[in-house]
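# Descriptive analysis of the structure
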Amino acid sequence: MASEISLQHQLHVFIFPFTTQGHMIPMIHIAKLFADRVVKTTTICTPLNAITLSKTIDQDRLSGLDINIQTIPFPAVEVGLPAGTESVTQLTSPDMMPKFFLAVGMLQQPFEKLLEEYRPDFVVADMFLAWTTEAAAKFGIPRLIFHGTNIFSQCVAESLRINKPFESIIDDKETFLVPGLPNKIEMTLSQVPEHIQKETDSLFCVVAEKIRVSEQKSYGVLVNSFYELESAYADYYKNAMGIRAWQIGPVSLRNSDTLDKAERGKKSPIEEHNVLKWLDSKKPNSVIYVSFGSMSKLPSDQLTEIATGLEESGCSFIWVVRKMMPDEDEKFLPAGFEERMEGKGLIIREWAPQVLILDHLAVGGFMTHCGWNSILEGITAGVPMITWPMFAEQFYNEKFVTQVLKIGEENRQMRKRVIEFGEKAKRAVKEDGSSNVQFTALIEELKMSKKFWESVRQPQDHHSRPRPS
Ligand code: UDP
């Protein structure tokens, strides 16, 4: 009887990730977090991504969670992309990007069909799927946004957009302050994304505006960070920008399973136990981990510089190498590099079991491109960072690491600070931790809303479930 009652009021969520690793990995963790709370969870994705995701999701379903996948075909050929294209990382030239976004927009109709058929209670969709707010609203379903980044970078972007403090700057050596924020944040012009510098009808300007508008009409924002990490910005986001947000991370801590930690949607060419064995042979804090995320690819001459730098540093290292072209030859490595580095450095091609590596005691530093997942994984593991931002909000994330958290400089204080944040991160996801408490509050609120609307809604009334004030 008790289970009948709880099933009657069981919430059903649609999780709809964008198809890049940096967005998909945390959203799958979020799907599992909901399923852990007895929320029926359906992840919407394209067929090739479904194959990758099904391994981990099937495992969770077998363990008793109510978690599933629904696929929507990706209309690659219809927009002139090669058959089988389903992810931004598969695009080989910038002119493919508008076609990709066109295809993403065409997912709206099949998505609406799924909404009509399954009537979930709420939708959590990636920011790039801005039209999901409108699609869900047609059926009276609230939509939460997942931006993939922290609150700090949203606040910086909004201040830059409104105040344009870079307008009079012509020399990139000149720094300016980002106005109105809780900390003094200094930037240079070249660190401001182009779509914020100039409002044009470029693809990114149009996409950014759609995201902004959809945010205003959405129920709120789910954030992969935790309150203690950016409390001043969480308060600013809510009070000054008027956005409701729930910080429920670090979501990567949901996975304690080594397989999930190792693969995370992609298989590394090296077995994780071999990487761990290699790290076991090193002293604590003696290895630097060098990785630039899932999308950044460096030209050969930069790879040569990194190889030379690593050798001259005398440090042990793990370096994840992603070339511009996968079949490009290996001439970027200085002559005899691999022989000289034998035992000292480990090169992993394309994809490494990052979380396992960062969690190992031998790793004492992380050279990162400042993707938010990487930074949060570094913080959670208590590893100080060397920042090398490359594009988009990675420049804001760098400011967060170096100017707010102060965990990106070379001294003992910094290591102590990042270890403290790592401990706070682990506390945040414990039963009475801030992320867990915020997540419970969100689920309770959605349950109350479901009960209320079930009690007042007429059968034909699908259109009005207002957002709370
Ligand atoms: N990642 C990984 N192995 C790699 C490269 C990346 O597991 O070799 C994971 C990393 O742990 C993170 C995600 O891929 O969870 C990358 O997201 P991030 O936001 O750091 O950067 P992006 O790839 O989106 O630029």
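What counts and how
Numbers given for residues are sequential positions, taken from 1 along each chain in its written order. Totals for whole chains, interfaces and linings use all residues, but because this is a predicted model, local features are given only for residues with pLDDT of at least 70 and pairs of side-chain atoms are given and counted only at 80 or more. Numbering of helices and strands starts at the N terminus; helices are DSSP runs of H or I of at least 4 residues and strands are runs of E of at least 2. Atoms counted for the radius of gyration: C-alpha only. Globule rule: 2.2 Å times residue count to the power 0.38. Residues with at least 20 other C-beta atoms within 10 Å of their own are called buried, those with 12 or fewer are called exposed, and the rest are partly exposed. The C-beta atoms themselves are positioned from the backbone. We call two residues in contact if the C-beta atoms placed from their backbones are at most 7 Å apart. The criterion for a residue being near a molecule or strand is simple: its C-beta atom, placed using the backbone, must lie within 6 Å of it. Residues are grouped as follows: Ala, Val, Leu, Ile, Met, Phe, Trp, Tyr, Cys and Pro are nonpolar; Asp, Glu, Lys and Arg are charged; all remaining types, including Gly, are polar. Any two strands between which DSSP finds at least two bridges are classified as paired. Think of each axis as a best-fit line through the C-alpha atoms, taken over the contacting stretch in the case of a helix, with angles from 0 to 180 degrees between the N-to-C directions. When the strands point away from the viewer, a crossover counts as right-handed if the path from the first strand over the helix to the second runs clockwise. Put simply, a nonpolar core is a cluster of buried Ala, Val, Leu, Ile, Met, Phe, Trp, Tyr and Cys residues tied together by C-beta atoms within 7 Å. By definition here, a helix of n residues has an expected span of 1.5 Å times n minus one. UniProt positions are given in the numbering used here, feature names are shortened, and annotations may be inferred rather than shown by experiment. These descriptions rest on fixed angle ranges, namely under 35 degrees for roughly parallel, over 145 for roughly antiparallel, 65 to 115 for roughly perpendicular, and the rest for oblique.

### Section: the overall build of the chain
Helix and strand counts for the chain come out as 19 helices and 14 strands. Here the C-alpha radius of gyration of the chain, 23 Å, is about what a compact globule of 469 residues would show, namely 23 Å. The C-alpha extent of the chain, read off along each of the three principal axes, is 75 × 55 × 50 Å. Out of the 469 residues belonging to the chain, those deemed buried represent 40%. In the chain, once contacts between residues fewer than 6 apart in sequence are set aside, the share between residues at least 24 apart is 68%.

### A word on the site of the ligand
Around the ligand there are 19 residues in total, and Gly22, Gly293, Ser294, Gly371 and Ser374 lie nearest to it. Counting only elements with at least two residues in the shell around the ligand, the list comes to α2 (21–36), α15 (354–359) and α16 (372–381). The residue inventory of the shell around the ligand, partitioned by class, reads 7 nonpolar, 10 polar and 2 charged.

### Details of the sheet that holds strand β12 (residues 345–349)
Strands sit in the order β12-β11-β10-β13-β14 across an open sheet of 5 strands; the sheet is parallel. The strands lining the two open edges of the sheet, one partner per strand, are β12 and β14 (385–387). On average, each strand axis in the sheet is inclined to that of its neighbour by 15°, with strand direction left out of account. Pairing analysis gives 5 bridges linking strand β11 (residues 316–321) to β12, with the strands arranged parallel. Its bridge partner being in β12, Ile318 is matched across the sheet by Leu346.

### Observations regarding the pairing of strand β2 (residues 40–45)
Of all 6 residues that make up β2, 5 are buried, and the element is covered over most of its length. Of the strand pairs in this sheet, strand β1 (residues 12–16) and β2 are connected by 4 bridges, and their pairing is parallel. Each residue of the ladder has a partner; that of His12, found in β2, is Lys40. In this fold, β1 hands off to α2, which returns the chain to β2; that crossover is right-handed. With 5 bridges joining them, β2 and strand β3 (residues 67–71) adopt parallel strand pairing. Note on β3: the bridge partner recorded for Cys45 is Thr71. As for the winding sense of the linkage, the β-α-β connection from β2 through helix α3 (residues 47–62) to β3 is right-handed.

### What about the nonpolar core?
Side chains that are nonpolar tend, in soluble globular proteins, to be buried together. Core analysis: the biggest nonpolar cluster contains 110 residues, and Ile15, Ile30, Val124, Leu222, Tyr289 and Ile318 have the highest contact counts within it. The greatest single-element share of this core, amounting to 9 residues, is contributed by α2.

### Points about the pairing of β11
Counted residue by residue, β11 has 6 buried out of 6 residues, so it is predominantly covered. Assessed by its sense of winding, the connection that carries the chain from strand β10 (residues 287–291) through helix α13 (residues 300–313) to β11 is right-handed.

### Digging into α2
Between its first and last C-alpha, α2 extends 22 Å over 16 residues, near the 22 Å set by a 1.5 Å rise per residue. Taken across its 16 residues, α2 has 14 buried, putting it largely inside the fold. Following α2 by one or two positions, Val38 has its phi on the positive side, about 60°.

### Notes on the UniProt feature "domain: Glycosyltransferase N-terminal" (unreviewed entry) in the chain
Residues annotated in UniProt with the feature "domain: Glycosyltransferase N-terminal" (unreviewed entry) correspond here to residues 11–251. The span residues 11–251 carries 41% helix and 15% strand; its end-to-end C-alpha distance comes to 20 Å.

### Observations concerning the environment of Ile44
One can find Ile44 in strand β2. According to the C-beta neighbour criterion, Ile44 is buried, with 24 such atoms within 10 Å. A C-alpha to C-alpha distance of 29 Å links Ile44 and Ala157, two positions 113 residues apart in sequence. Excluding anything up to four places from it in sequence, Ile44 contacts Phe14, Ile15, Phe16, Gln70, Ile72, Phe111 and Leu114.

### Here we look at the packing of α16 against helix α18 (residues 412–428)
With their axes 6 Å apart at the nearest point, α16 and α18 run at an angle of 95° to one another. Classified by the interaxial angle, the pair formed by α16 and α18 is roughly perpendicular. Taken together, the residues of α18 that come into contact with α16 (itself represented by Ile379, Thr380 and Ala381) are Val418, Phe421, Gly422 and Ala425. Here the residues of the contact of α16 with α18 sort into 5 nonpolar, 2 polar and no charged.

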